[in-house]
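A look at the structure
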Amino acid sequence: MTNFSVIRKHEIHCGHRVYGHSGKCQFLHGHSYVFHLHCTSNALNDLGMVVDFGIIKSTICQWLEDNYDHHMLLWEQDPYAKEIAKIDNSVVIVSYNPTAENIANHILNVVAPSLLKDTPIKLSKVVLEETSKCTATCELD
Ligand SMILES: [Zn+2]
């Protein structure tokens, strides 16, 4: 079988903190997150594509722009979350501790399946650069 993949890159800027971390990640800080969105298929469409890059842009990239870009991601179990949300509407309270691994997992397994359900696209892997040195990957089996 032949497998094809395409990768759409998208950068956003977010604040977060890792609740429970004993080092400096416990503090409020931010990153320029670079998402590498991998879509795969074992067949190409009539135009010879896995997917039109524009569809990835208008679905997942747009969701990231609308929901996370220039926002502060805080875990619902983080005591800061509700307090900071009272004074700053940039806070997005998420259901997971916002590590790069958990953000990638949320996009892969929650956001993408919902956004792409009426499209032929399957997001198969998210590689998330938190810094130029540190990357997390989440991939479907
Ligand atoms: Zn961080």
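Look up: the structure comes first, before these words.
First things first, this report covers the structure right here in the doc. (Residues numbered from 1 in each chain as written. Predicted model: local features only at pLDDT ≥ 70, side-chain atom pairs only at ≥ 80, totals over all residues. Heavy atoms only, no water.)

Moving on: the pairing of strand β5 (residues 123–129). Within β5, 5 of the 7 residues are buried, leaving the element largely enclosed by the surrounding structure. Summarising the sheet, strand β2 (residues 29–41) and β5 pair through 6 bridges and their orientation is antiparallel. Within β5, the residue paired with Leu-37 across the bridge is Val-126. Bridge analysis of β5 against strand β6 (residues 135–139) gives 5 bridges, and the strand direction is antiparallel. If you follow Lys-125 over to β6, its bridge partner there is Glu-139. (Buried < 20%, exposed > 50% of the residue type's maximum accessible area, 1.4 Å probe, protein only. Helix = DSSP H or I, 4+ residues; strand = E, 2+ residues; numbered from the N terminus. Pairing = 2+ DSSP bridges.)

Now for the coordination of the zinc ion. Around the zinc ion, the protein contributes the donor atoms His-16 (NE2), His-29 (NE2) and His-31 (NE2), which lie 1.9 to 2.0 Å from the metal centre. Positions of the donor residues of the zinc ion, expressed as sequence spacing, correspond to H-x12-H-x1-H. Exposure remark for His-31: the relative accessible area of 15% places this residue in the buried category. (Donors = N, O, S within 2.8 Å, 3.2 Å for Na, K, Ca; no water.)

For the structure shown, the criterion picks out 2 salt bridges. Across the salt bridge formed by Arg-17 and Asp-78, the nearest N and O atoms sit 2.7 Å from each other. Separated by 61 residues along the polypeptide, Arg-17 in the loop between β1 (4–16) and β2 and Asp-78 in the loop between β3 (71–75) and α2 (79–87) bring together distant segments of the chain. One salt bridge connects Lys-86 with Glu-83, and the closest N-O pair in it is separated by 3.2 Å. A residue pair is termed a helical-turn pair when its members lie 3 or 4 positions apart in one helix, as Lys-86 and Glu-83 do in helix α2 at 3 residues. The exposed category is assigned to Lys-86, whose relative accessible area is 62%. (Salt bridge = Lys/Arg side-chain N within 4 Å of Asp/Glu carboxyl O.)

Taking 1.5 Å as the rise per residue, helix α1 (residues 53–67) with 15 residues should run 21 Å; its terminal C-alpha atoms sit 20 Å apart, in good agreement. Of all the bends in α1, the largest measures some 30° and sits at Cys-61. Buried residues in α1 make contact with β1, β2, α3 (100–115) and β5. At the N-terminal boundary of α1, the capping side chain belongs to Asp-52, with an oxygen 2.7 Å from the backbone nitrogen of Gly-54. (Expected span 1.5 Å × (residues − 1). Bend = angle between axes of the 7 residues up to and from the residue. Contact = heavy atoms within 4.5 Å. Polar contact = N/O pair within 3.5 Å; in protein donor to acceptor, adjacent residues only side chain to side chain.)

Our focus in this paragraph is the side chain of His-106. Tracing the backbone through its elements, the reader meets His-106 in helix α3. Owing to a relative accessible area of 16%, His-106 belongs among the buried residues under this scheme. Discounting residues that sit within four places of it in the chain, His-106 has contacts with Tyr-68, Tyr-96 and Val-111.

Viewed as axis vectors pointing N to C, α1 and α3 meet at an angle of 120°, and their least axial separation amounts to 9 Å. By the angle between their axes, α1 is oblique relative to α3. For the element pair α1 and α3, the recorded crossing hand is right-handed. Between α1 and α3, the residues in contact are Thr-59, Ile-60, Trp-63 and Leu-64 and Ile-107, Val-111, Ala-112 and Leu-115, respectively. When the residues that make up the contact of α1 with α3 are grouped by side-chain class, the tally is 7 nonpolar, 1 polar and no charged. (Axes fitted to C-alpha atoms, helices over the stretch in contact; angles between N-to-C directions. Parallel < 35°, antiparallel > 145°, perpendicular 65-115°, else oblique. Left-handed = near helix turned anticlockwise from the far one by under 90°. Nonpolar A, V, L, I, M, F, W, Y, C, P; charged D, E, K, R; others polar.)

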